Amino acid sequence: MKNRQPRIVIIGGGTGLPVLLRGLKQYLVDITAIVTVADDGGSSGRLRNDLHIPPPGDIRNVLAALSDVEPLIEEMFQHRFKTSNELSGHSLGNLILAAMTSITGNFVHAIQEMSKVLNVRGKVLPAANQSVVLHAEMEDGTVVSGESKIPYSGKKIKKVFLTPKHIKPLPETISAIRKADLIIIGPGSLYTSILPNLLVPKLGHEVCRAKAKTVYICNLMTQAGETFNYTASDHVKAIYDHMSCAFMNTILVNSEDIPDDIQERYSEEMSKPVIFDTERLQDLGLEVIPGEIASEKDGVIRHDTKVVAEMLYSLLIDEMKKRNNN
């Protein structure tokens, strides 16, 4: 027990999850990434519709982030074709995952085989071994179907839900959650990357009853069409409104100002820094841990992978010490 690697489960999708994983894989930890399969846009959506497979895009990005191969191999895996024919817009990694699914007859087996090829540090698991459709009920009662369409509805989201009704999580995801020493939610789009995982029946239930400490990494910026004007506590309450429990213990908050020129650029997309309303977060029962966790590159704000990974690893070690002392 004391000699095994600490186990981390990370639940999310989109662009935020790979950023975090690149930092965490530098530590001696057992990582399991549980990734959304609700994407229906771009290359993933085309392959999903044409081949009737779960969308590979978010999985591809996570595999690349956790891979331990030559940079050129990773670049090839992530390469996106820019042609005037049917290949246009497809990434090579998506096509390889589609081909491997066809060869093995199973999307999960395809991910496992690609993990070997890419020497992935950890396990990458889809939230379900099938495509799911994400729907959003808006405050005016209308329903928008399709993950890629929801942010462009121009309406405020009341709740999201999945179809078909009978979606099963993988036994491996349930086992990973039960065995975890630390569970991390996010970062990622609230309604289209985070909640599609937690709404998978039984998966969300297991997160609710998990013994491990659960840490939420809220987005740094609001998103037009999803979280316009949301504070950090609004993000948390939206998750709790969709779940049967208040399950998160800790939230990491950004304690540094976003530069004015970056804010100005984001304001053109109707996006602004998330306000971390500490008192309201504490009223929700959350331990609030501040840190300078934002970094900027090419005008884009992301979580600082090294800083956040270091904070999470410190939390993990503290949890392990408590367990070993009990």
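These numbers come from a predicted model, not from an experiment. (Residues numbered from 1 in each chain as written. Predicted model: local features only at pLDDT ≥ 70, side-chain atom pairs only at ≥ 80, totals over all residues. Heavy atoms only, no water.)

**Here we look at the overall build of the protein chain**
For the protein chain, the count of helices and strands is 13 helices and 12 strands. The globule rule puts the C-alpha radius of gyration for 326 residues at 20 Å, and the 19 Å found for the protein chain is close to it. Here the protein chain holds 326 residues, and the buried ones make up 52% of them. Taking contacts inside the protein chain between residues at least 6 apart in sequence as the whole, the part at least 24 apart equals 73%. Treating the 36 positive side-chain charges of the protein chain as one cloud and the 39 negative ones as another, the clouds have centres 9 Å apart. (Helix = DSSP H or I, 4+ residues; strand = E, 2+ residues; numbered from the N terminus. Rg over C-alpha atoms; globule rule 2.2 N^0.38 Å. Buried < 20%, exposed > 50% of the residue type's maximum accessible area, 1.4 Å probe, protein only. Contact = heavy atoms within 4.5 Å. Lys, Arg positive; Asp, Glu negative; His and termini not counted. Charge placed at Lys NZ, Arg CZ, Asp CG, Glu CD.)

**Describing helix α6 (residues 107–117)**
Along α6, the residues that are buried comprise Phe107, Val108, Ala110, Ile111, Met114 and Ser115. Seen end-on, α6 carries its buried residues on one side only, within an arc spanning 155°. The outward face of α6, more than 90 degrees from its buried face, is lined by the exposed residues Lys116 and Val117. Sitting at the amino-terminal end of α6 is Asn106, which places a side-chain oxygen 2.8 Å from the backbone nitrogen of Val108. Once α6 ends, the next one or two residues include Asn119, with phi positive near 50°. (Arc of directions from axis to C-beta. Polar contact = N/O pair within 3.5 Å; in protein donor to acceptor, adjacent residues only side chain to side chain.)

**Side note on helix α2 (residues 42–51)**
Considered for burial, the residues of α2 that qualify are Ser43, Ser44, Gly45, Leu47 and Arg48. Where α2 is buried, its residues contact α3 (57–66), α5 (92–104) and β4 (133–138). Following α2 by one or two positions, His52 has its phi on the positive side, about 60°.

**Overview of a negative patch on the surface**
Together, Asp257, Asp260, Asp261, Glu264, Glu268, Glu269, Glu296 and Asp298 line one region of the surface with negative charge. With 3 residues, the top contributor of residues to the negative patch is helix α11 (residues 260–267). Inspection of the secondary structure puts Asp257 in the loop between β9 (250–254) and α11. Given a relative accessible area of 73%, Asp257 falls into the exposed group. (Patch = residues over 30% accessible without salt bridge, like charges linked within 9 Å, V, L, I, M, F, W, Y side chains within 5 Å. Areas by Shrake-Rupley, 256 points an atom, 1.4 Å probe, with all protein chains shown as cover. Salt bridge = Lys/Arg side-chain N within 4 Å of Asp/Glu carboxyl O.)

**A look at the sheet that holds strand β3 (residues 123–126)**
Reading across from one edge, β3-β2-β1-β7-β8-β9-β10 is the order of the 7 strands in this open sheet, with parallel pairing throughout. Since the sheet does not close on itself, it has two edges, and those belong to β3 and β10 (287–291), each with one partner. For this sheet the average axis-to-axis angle between neighbouring strands, irrespective of direction, equals 20°. (Pairing = 2+ DSSP bridges. Axes fitted to C-alpha atoms, helices over the stretch in contact; angles between N-to-C directions.)

**Some remarks on the packing of helix α1 (residues 16–24) against α3**
Two packed helices can be described by the angle between their axes and the distance between those axes. At a closest axis distance of 8 Å, the pairing of α1 and α3 adopts a crossing angle of 15°. Overall, the two elements α1 and α3 adopt an arrangement that is roughly parallel. Read as a crossing pair, α1 and α3 show a hand that is right-handed. In this structure, α1 uses Leu17, Pro18, Leu21 and Arg22 to contact α3, whose residues at the interface are Asn61, Val62, Ala64, Ala65 and Leu66. (Parallel < 35°, antiparallel > 145°, perpendicular 65-115°, else oblique. Left-handed = near helix turned anticlockwise from the far one by under 90°.)

**Considering the layout of surface pockets**
Reported here for the largest pocket is a volume of approximately 980 Å³. In terms of lining residues, the largest pocket is bounded by 35 residues, among which Thr15, Ser189, Gln223, Glu226 and Arg302 are the most central. Where the lining of the largest pocket is concerned, the elements lending two or more residues are α1, α3, α8 (190–198), α11 and β12 (300–303). Here the lining of the largest pocket takes 4 residues from β12, the largest share from any one element. Residues of the lining of the largest pocket, tallied by class, amount to 11 nonpolar, 17 polar and 7 charged. Considering only enclosed or pocket space, the second largest pocket measures out at about 240 Å³ in volume. Residue assignment for the lining of the second largest pocket shows that the elements contributing at least two residues are β11 (294–297) and β12. With 3 residues, the single largest contributor to the lining of the second largest pocket is β11. (1 Å grid on protein atoms, 1.4 Å probe; cavity = no way out; pocket = protein on both sides within 12 Å on 5 of 7 lines; lining within 4 Å. Points joined across faces, edges and corners; volume = space filled by probe spheres on them. Nonpolar A, V, L, I, M, F, W, Y, C, P; charged D, E, K, R; others polar.)

**Description of the pattern of salt bridges**
Pairing is possible between side chains that carry opposite charge, provided their charged atoms lie close to one another. Going through the model one piece at a time under the given rule, you end up with 16 salt bridges. Taking the shortest distance from any N to any O, the salt bridge between Arg178 and Glu206 comes out at 2.8 Å. Of this pair, Arg178 sits in helix α7 (residues 171–179) while Glu206 is found in helix α9 (residues 203–209), placing the two residues 28 residues apart along the sequence. The buried category is assigned to Glu206, whose relative accessible area is 6%.

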